[in-house]
Amino acid sequence: MSVSSVASANPGRLSLIASRARREPDLAFGLVLVVLVILVVLFPGLFTGQSPLTVNVAKAMQAPSLLHPFGTDDVGRDVLARVVHGARITLSICASALIAAALIGGTLGMVSGFVGGRIDMLLGRLMDVILSFPPIILGVMVTGILGPKTLNLVFALTAIYVPVFFRIARSGAMAEAGLTYVEAARSIGLSEPWILFNHVTRNVLPLILVQCMVLFPLVLQIQSALGFLGLGVQPPTPDWGAILQQGKDTILLAPWMSAFPGLAILITALALMLVGRGLQRRMDRR
Amino acid sequence: MGAYLAKRLAASLVTAILASIVVFLLVRSVPGDVVGQMLGQSSDPVAAKALREFFGLDQPAWRQYLGWLSHVATADFGTSWSRGQPVLGMIGTAVGVTLELALATLAIATLVGVPLGVVAGIYEGRLLDRVIQTFNLLGLAAPVFWIGLMLLVGVSTALEWSPPLMYVAPTESLGENISIMALPVLSLALLQAAAYSQFVRQSVVSAFGQDYVRTAIAKGVPMRTVFFKHLLRNIAIPLITFMGLILIQILGGAVIIESLFALPGLGRLLLSSIETRDYPVLQAGLLVVVVIAMLVNLIVDLCYRVIDPRVRLS
């Protein structure tokens, strides 16, 4: 390939991206932030050279400086390092819970909506019971009673969001069940499970994927709230909610201990909200 | 209306009972109980056995549950295992604090959020709309406890003042009560105002695209009348549903805010009863939360039927 052809190909692609970004600036901004967050999750070493766990009491509660841009905490750990390394822990917990909830809720919802009858009624009732608790209270109840362990936290977050995916998958499958292609598949003798998992799933899946993006910031909020209450990831592991919990008692002496991890949650939630909304708009347009 | 109400109440009752079974099973599914907490590491087996018998913990779970349910049916929630006080009184006091927090938050969030949303909707796409939308996004993205913490820092550095730590009921001293509740209410209200504003903006924007609004504008009805007589009435219905949702969300958020600002509300009572494995308080508290959430939903549905004749007739 000649130099000139590369040069002419690049501006074309770049201007295409630029024009799309101009049309949907929110989505573009959100995507840039999401990429930044992904970089922090994958390569924390790029953003900090310090250890999130090394204690140095002599340097406790130092205000932000060039050496410690986010300051140090009550035992002298670098807050930037804790926030950066906390990203992977916090977000992987949220993502695992979302995936588990989408798999369980999505499957149950599709079966329920497609099969209907008694199964639908039974599952619907069960979901109503879960939904009768406000989300955070359900989270507090499950993590509080089972004990503050990471696995219990994932379980609690999953339990909160299974009914949400259930409802979406159920109504999606119900709508699909009446369409001609399902009837056609039946008429050529395909089995019900085959139709459900090969044909209907394909059309319900986009709904579930978009919902994952839309729910991600909410999961993050609840995950960090439980961490803040001391019911999530336990110290010294750097988790955003847990860092905030440790900073709570010294909030007036060292506000930076709380300000920056909270800002990290805010920026991540903002990024995910912008992208989730952009995706939802596209789905609606279709 | 009567038949509808009866049907709804029956369905709610079934869900509440199922929810209480879930709570009951969950509470008893983990090792460790109140007796272990009371006696600590060096537990004397004889004393432990006697205490378990005293609390009824030696009985099979289903019998414990039925016993509890039959007492609850006569409004007897028992005695707290950790504090020895009647559960009903403890819950009553705590619910009072939480309701004050929730209703004050709802009022402020509505007063701020609805006008913001209306203005954003009217000026759709213009600078004012963009500013309000940015507020909405930031308000929705910020964790509520973080807002609380930052307000605490801001107020204490700017005014050199921090809220008192002991709760005082509004009936004792309204001024002191307000100074305690101000920051908790503000931190919860900011998030909910953003949610409101977002929702109302959407409703206003979509209402402006409707034929009845276009017709009214076309035939020369003044904008003010279009807005207050035509548009607002149609927005009111989804708005009431949303209000119910917000109220339930505030109840959840109260758990976090109460623990941050040391308010003796329902959320903090639940947290401490989980810690001490005080089953009577925990079960009753959770049941109250579920029942409040259901009542809110029911009231929302009833408002719906009163406001919208189409729902009433169907």
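Quick note: structure is the one above.
Residues numbered from 1 in each chain as written. Chains lettered and ligands numbered in written order. Predicted model: local features only at pLDDT ≥ 70, side-chain atom pairs only at ≥ 80, totals over all residues. Heavy atoms only, no water.

## Here's the deal with the environment of Leu298 of chain B
Residue and element names in this part refer to chain B.
Thought 1: Looking at the secondary structure, you find Leu298 in helix 12 (residues 279-307).
Thought 2: A relative accessible area of 7% places Leu298 in the buried class.
Thought 3: A C-alpha to C-alpha distance of 31 Å links Leu298 and Arg28, two positions 270 residues apart in sequence.
Thought 4: Excluding its chain neighbours within four sequence positions, the residues that come into contact with Leu298 are Leu5, Arg8 and Leu9. (Helix = DSSP H or I, 4+ residues; strand = E, 2+ residues; numbered from the N terminus. Buried < 20%, exposed > 50% of the residue type's maximum accessible area, 1.4 Å probe, protein only. Contact = heavy atoms within 4.5 Å.)

## Structural notes on the interface of chain B and chain A
Thought 1: Tallying the contact residues gives 43 residues for chain B and 36 residues for chain A.
Thought 2: Across the interface of chain B and chain A, roughly 3,500 Å² is buried in total on both sides, 83% from carbon and sulfur atoms.
Thought 3: Summed over the shared surface of chain B and chain A, the number is zero salt bridges.
Thought 4: For the pair chain B and chain A, the number of links is five residue pairs in polar contact (both at pLDDT 80 or more). (Buried area = accessible area lost by both parts, 1.4 Å probe. Salt bridge = Lys/Arg side-chain N within 4 Å of Asp/Glu carboxyl O. Polar contact = N/O pair within 3.5 Å; in protein donor to acceptor, adjacent residues only side chain to side chain.)

## Some words on the side chain of Ser224 of chain A
Thought 1: On the secondary structure map, Ser224 of chain A appears in helix 8 (residues 192-228).
Thought 2: Beyond its immediate sequence surroundings of up to four residues, Ser224 of chain A is in contact with Gly241 and Ile265 of chain A together with Phe145 of chain B.

## Structural notes on the packing of helix 10 (residues 256-285) of chain A against helix 6 (residues 127-141) of chain B
Thought 1: Between helix 10 of chain A and helix 6 of chain B, the least distance of the axes is 8 Å, while the angle of their chain directions is 120°. Here helix 10 of chain A is positioned oblique relative to helix 6 of chain B, judged by the angle of their axes. Considering how the two elements wind past one another, helix 10 of chain A and helix 6 of chain B form a crossing that is right-handed. Within the contact between the two elements, helix 10 of chain A uses Ile265, Leu266, Ala269, Leu270, Met273, Leu274 and Arg277 of chain A and helix 6 of chain B uses Gln133, Leu137, Leu138, Leu140 and Ala141 of chain B.
Thought 2: Taken together, the residues that form the contact of helix 10 of chain A with helix 6 of chain B break down as 10 nonpolar, one polar and one charged. (Axes fitted to C-alpha atoms, helices over the stretch in contact; angles between N-to-C directions. Parallel < 35°, antiparallel > 145°, perpendicular 65-115°, else oblique. Left-handed = near helix turned anticlockwise from the far one by under 90°. Nonpolar A, V, L, I, M, F, W, Y, C, P; charged D, E, K, R; others polar.)

## With respect to the environment of Val185 of chain B
Residues and elements named next belong to chain B.
Thought 1: Note that Val185 resides in helix 8 (residues 174-208).
Thought 2: Residue classification places Val185 among the buried residues on the basis of a relative accessible area of 7%.
Thought 3: Between the C-alpha atom of Val185 and that of Gly148, which follows or precedes it by 37 residues, the distance is 9.2 Å.
Thought 4: In contact with Val185, other than residues within four places in its own chain, are Leu101, Ala104, Thr105 and Ile108.

## A closer look at the nonpolar core
Thought 1: In terms of nonpolar packing, the biggest core is built from 171 residues, with Val140, Phe165 and Trp240 of chain A touching the most fellow members.
Thought 2: The element that contributes the greatest number of residues to this core is helix 10 (residues 223-261) of chain B, accounting for 17 residues.
Thought 3: If we skip the residues at most four places from it in the chain, Trp240 of chain A touches Val83, Gly86, Ala87, Thr90, Leu91, Leu220, Pro261, Ala264, Ile265 and Thr268 of chain A. (Core = buried A, V, L, I, M, F, W, Y, C linked by side-chain atoms within 4.5 Å.)

## So, unusual backbone geometry
Thought 1: Cis geometry marks the peptide bond from Pro235 of chain A to Pro236 of chain A, where omega comes out at 5°.
Thought 2: Notably, Glu160 of chain B is not glycine yet its phi reads approximately 50°, a positive angle.
Thought 3: Even without being a glycine, Arg277 of chain B presents a positive backbone phi close to 55°.
Thought 4: You can see Arg277 of chain B is positioned in the loop between helix 11 (266-275) and helix 12.

## Looking at the pattern of salt bridges
Thought 1: Counted under the stated rule, the structure contains 10 salt bridges over all chains.
Thought 2: Among the ionic pairs, Glu24 of chain A bridges to Arg281 of chain A, the shortest N-O distance being 3.7 Å. With a gap of 257 residues between them, Glu24 of chain A in the loop between helix 1 (3-23) and helix 2 (25-42) and Arg281 of chain A in helix 10 connect regions that are remote in the sequence.
Thought 3: Since its relative accessible area comes to 12%, Glu24 of chain A is described here as buried.
Thought 4: A salt bridge links Asp211 of chain B to Arg214 of chain B; the nearest nitrogen and oxygen atoms lie 3.2 Å apart. Here the residue Asp211 of chain B and the residue Arg214 of chain B both occupy positions in helix 9 (residues 211-218), the gap between them amounting to three residues, near one helical turn. No difference in accessibility class separates Asp211 of chain B from Arg214 of chain B, as the two residues are exposed.
Thought 5: One network of salt bridges, with partners in common, ties together Glu24, Arg281 and Arg282 of chain A.

## Considering the packing of aromatic side chains
Think of a pair of aromatic rings as described by two things: how far the centres are apart, and how the planes are tilted against each other in angle.
Thought 1: Per the counting criterion, the structure on display carries nine aromatic pairs over all chains.
Thought 2: Ring centres of Phe70 of chain A and Phe260 of chain A lie 4.0 Å apart, and the angle between their planes is 5°; on these two criteria the pair is classed as stacked. In this pair, Phe70 of chain A is assigned in the loop between helix 2 and helix 3 (79-115) and Phe260 of chain A in helix 10, connecting sequence segments 190 residues apart.
Thought 3: On the accessibility criterion, Phe70 of chain A (21% relative accessible area) is partly exposed.
Thought 4: A centroid spacing of 5.9 Å and a plane angle of 40° characterise the contact between Tyr65 of chain B and Trp68 of chain B, whose relative ring orientation is tilted. With Tyr65 of chain B and Trp68 of chain B both in helix 4 (residues 61-73) and three residues apart, the pair spans about one turn of that helix.
Thought 5: The buried category is assigned to Tyr65 of chain B, whose relative accessible area is 9%.
Thought 6: Since its relative accessible area comes to 11%, Trp68 of chain B is described here as buried. (Phe/Tyr/Trp six-rings, centres within 6.5 Å; stacked < 30°, edge-to-face > 60°.)

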